[in-house]
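# Structural characterization, general
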Amino acid sequence: MNIIACVKQVPDTEAQIKVKADGSGIEEGGIKWVMNPYDEFGVEEALKLKEKAGGDVTIVSIGPARAMETIRTALAMGAEKGVHIDDPALNAADAYTTAAALAAAIKGLPYDIIFCGQRAIDDDSAQVGAILAEILGVPQVTFVTKLEIDGTKVKAVRPIEGAQLVIETSLPCVITATKGLNEPRYASLPGIMKAKKKPVEAKNAAALGVSTDAKSKVAKMIPPPARPPGKILCADDTPEGKAAELAKLLREEAKVI
Amino acid sequence: MAKGVWIVAELRDGAFRKVTFEMASTARKLADQLGEEACAVVCGSGVAGIAGELGKYGIDKVYVADNAAFEPYTTDAHAAAVAKVVKDNDAAILLVAASFQGKDLAPRLVGKLATGMASDCTDVKIADGKLLAIRPMYAGKCFGEIVVSATPQIAALRPNVFPIVESAKAGAVEAFDPGLGELKTKVLEVQKEQAGKIDVSEANIIVSGGRGMKGPENFAILEELAGVLGAAVGASRAAVDAGWRAQSDQVGQTGKVVSPNLYIACGISGAIQHLAGMSSSKYIVAVNKDPEAPIFQKADYGLVDDLFKVVPALTQECKKLLG
């Protein structure tokens, strides 16, 4: 089976995010970069599928030179090869342009199934997987927490508010992974050594023949609104006293209960 | 030229979900600013009778496709129908819900219509005749102002953030042919969770527990408080990773990003990835024994005490107040 997993390098969840003074982006200094956690679930599922059904896993990523670390991480986990799309016009592109570039790279490869994370935890757009599926003209199942593949038949479970849906579709398709799908493996030391020699093809927008005209843009980034300083409740030093004071404040001051 | 502010109505079991009225009210506001119409697309099965209800929330015209293929929701059926009617009518702005269904549908529409979208918005306005959308990024560690240059300009609205405003408009219903082709996905089964359970992404009040809860059995005291308040029970990553709570309850950067009216954090120290996911809540209460816990920096009301004593007492007080 020809399996593709798309990955993005993002700031670690513990990173403090500071907006540049002119609002044009974030300060990148001091940030620890990691594989997007939702993409890790996708890579893990790709590897599990390969181990079961045979075939190979190709990692596709868009990003500057540092994104190669994330591709190598996925290769160290067990993927066979990579495609690194590195182009200043694409590295911070909007969702449509990103998906179009991924689609162009994937169209040149044999594929049966494509894994993406349900969203990247930097821009939180949650769009690329579905747009990619549409451009490739294949079905999608998003936010998948359980996946079974039998021949070309796909059975996937996804949550909605208050229920789980069991969805059936067929290969080829795009699956977007969410927490619960699996427990991503760690790269082994031999895996890390082997990953250094695995092939990674470099591409840019011209080579892919895709437009870099954005459909949308982040006009300005702004820090979150500052919260007013809070109060520590201590009118009465007992837990009961504090609870009574809180209930009263929630009712009369905040008016939220 | 493209015109009109459109919404994609969201239904469940033959009825509109609350977020649909939030979208309708928002569409009305934007349409008034532009001096244009507010329109809705309703795709469902046996829904012709309720479509006109949207007039109450400011919708001028409702485009309805009534077809058994729309219930339950599948990406292909809904995306095909919505893309067709929006394109045929050259809509300028399209609002979709940032719900589980909307998050599946909206990006597929972005692909079909080759346009752009602002996901999970907490505010939308008109600036220079165009949509300007405000949305949290990095789970709320910062915000972005998004401009979509292609048409339609799509924005997904976070549920529970936009007010519902009644303003009587015609709500004239017109049927349209969804032009459904081959459908490649189908829903085999809908497994409902316990009745009455409120999803954290849609709750007005969330009572959340972290490592300080010490074990899964202790969440019973949070469930009890939540029951009195009509709240959902959330959890920190630590509590979910320990296997104490379901993954769907996790609040934070690798869980759900929430903005309820009231967030009560119990035994949660406030790791940065958790704070990111809940700091846009209107009011935050923190209950923690450790006065140095970072959660207190975000809290409107802080209780430095033993949660196992405070929470049951709070439940009793709320019972008294709420009768």
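Data block above holds the structure.
Scoring rules and cut-offs
Residues numbered from 1 in each chain as written. Chains lettered and ligands numbered in written order. Predicted model: local features only at pLDDT ≥ 70, side-chain atom pairs only at ≥ 80, totals over all residues. Heavy atoms only, no water. Helix = DSSP H or I, 4+ residues; strand = E, 2+ residues; numbered from the N terminus. Expected span 1.5 Å × (residues − 1). Buried < 20%, exposed > 50% of the residue type's maximum accessible area, 1.4 Å probe, protein only. Core = buried A, V, L, I, M, F, W, Y, C linked by side-chain atoms within 4.5 Å. Contact = heavy atoms within 4.5 Å. Phe/Tyr/Trp six-rings, centres within 6.5 Å; stacked < 30°, edge-to-face > 60°. Lys NZ or Arg CZ within 6 Å of the ring centre and 35° of its normal. Pairing = 2+ DSSP bridges. Axes fitted to C-alpha atoms, helices over the stretch in contact; angles between N-to-C directions. Buried area = accessible area lost by both parts, 1.4 Å probe. Salt bridge = Lys/Arg side-chain N within 4 Å of Asp/Glu carboxyl O. Polar contact = N/O pair within 3.5 Å; in protein donor to acceptor, adjacent residues only side chain to side chain. Patch = residues over 30% accessible without salt bridge, like charges linked within 9 Å, V, L, I, M, F, W, Y side chains within 5 Å. Areas by Shrake-Rupley, 256 points an atom, 1.4 Å probe, with all protein chains shown as cover. Parallel < 35°, antiparallel > 145°, perpendicular 65-115°, else oblique. Left-handed = near helix turned anticlockwise from the far one by under 90°.

We now examine helix α4 (residues 100-113) of chain B. Residue and element names in this part refer to chain B. With 14 residues, α4 should reach 20 Å at 1.5 Å per residue; the first-to-last C-alpha distance of 21 Å fits that figure. The buried fraction of α4 is high, at 12 of 14 residues. When α4 is considered as a whole, its buried residues turn out to be Phe100, Gln101, Gly102, Asp104, Leu105, Ala106, Pro107, Arg108, Leu109, Val110, Gly111 and Leu113. Note on α4: the residue one or two positions beyond its end, Ala114, has a positive phi of about 45°.

This part covers the nonpolar core. Counting 57 residues, the largest nonpolar core has Ile85, Ile114 and Leu132 of chain A together with Trp6, Val86 and Leu109 of chain B as its most contacted members. Of the residues forming this core, the biggest block, nine residues, is contributed by helix α3 (residues 95-107) of chain A. Setting aside anything within four residues of it in sequence, one finds Ile114 of chain A in contact with Ile4, Cys6, Ile106, Leu132, Leu136, Cys173, Val174 and Ile175 of chain A. Counting residues in hydrophobic clusters, the runner-up holds 43 residues, among them Val7, Leu49, Ala76 and Leu165 of chain A.

Turning to the packing of aromatic side chains, a few remarks are in order. What the rule picks out here adds up to six aromatic pairs over all chains. Taken together, the ring pairs in this structure connect Phe16, Phe21 and Tyr57 of chain B into an aromatic cluster. A cation sits over an aromatic face here: Arg66 of chain A above Trp33 of chain A, 3.5 Å from the ring centre. One residue, Lys215 of chain A, lies across the ring of Tyr96 of chain A, its end atom 5.2 Å from the ring centre.

For the rest of this paragraph, the subject is the sheet that holds strand β16 (residues 262-266) of chain B. Spatial strand order, β14(A)-β18(B)-β17(B)-β16(B)-β14(B)-β15(B): six strands in an open sheet with parallel pairing. Two strands lie at the open edges of the sheet, namely β14 (231-232) of chain A together with β15 (232-235) of chain B, each paired on one side alone. One ladder, built from five bridges, connects β16 of chain B with strand β17 (residues 283-288) of chain B; its direction is parallel. Across the sheet, residue Cys266 of chain B finds its bridge partner in β17 of chain B, namely Val287 of chain B. Packing of helix α7 (residues 239-252) of chain A onto the sheet brings it into contact with β14 of chain A together with β16, β17 and β18 (301-304) of chain B, and relative to β18 of chain B it is tilted by some 170°.

Each partner contributes to the interface: chain A provides 80 residues, whereas chain B provides 86 residues. Interface area for chain A against chain B, summed over the two sides, is near 7,300 Å², with a carbon-plus-sulfur share of 57%. It is Glu161, Lys179 and Arg227 of chain A that lose the most area in chain A upon contact with chain B, and together they represent 12% of the buried surface on that side. Where chain A touches chain B, the interface holds nine salt bridges. Our enumeration of links across chain A and chain B arrives at 52 residue pairs in polar contact (both at pLDDT 80 or more).

Across two bridges, the pairing between β14 of chain A and β18 of chain B is parallel. Each bridged residue has a counterpart across the sheet, and for Ile232 of chain A the counterpart in β18 of chain B is Gly302 of chain B.

Okay, the sheet that holds strand β8 (residues 123-127) of chain B next. Taken in spatial order, the four strands of this open sheet run β13(A)-β10(B)-β9(B)-β8(B), and their pairing is antiparallel. The open sheet has two edge strands with one neighbour each: β13 (216-222) of chain A together with β8 of chain B. Geometrically, the sheet is characterised by an average inter-axis angle of 30° between neighbouring strands, direction not taken into account. Judged from the five bridges that link them, β8 of chain B and strand β9 (residues 130-137) of chain B form a sheet pairing that is antiparallel. When the bridges of β9 of chain B are listed, Val124 of chain B appears paired with Ala133 of chain B. Packing of helix α1 (residues 18-34) of chain B onto the sheet brings it into contact with β8 and β9 of chain B, and relative to β8 of chain B it is tilted by some 10°.

Residue and element names in this part refer to chain A. A contiguous nonpolar surface patch, about 300 Å² in accessible area, is contributed by Leu189, Ile192 and Met193. Among the structural elements, Ile192 can be located in helix α5 (residues 189-195). Owing to a relative accessible area of 35%, Ile192 belongs among the partly exposed residues under this scheme.

Our next topic: the packing of helix α5 (residues 219-229) of chain B against helix α8 (residues 307-322) of chain B. All names here are of chain B. Orientation of α5 relative to α8, taken along the N-to-C sense of each, is 20°, at an axis distance of 9 Å. On the basis of their axis angle, the class for α5 and α8 is roughly parallel. In the crossing of α5 with α8, the sense of the turn from one axis to the other is left-handed. Here α5 contributes Ile221, Leu222, Glu224, Leu225, Val228 and Leu229 to the contact with α8, which in turn contributes Leu307, Phe308, Val311, Pro312, Leu314, Thr315, Cys318, Lys319 and Leu322.

Remember that the coordinates give geometry; whether it matters functionally is a separate question.
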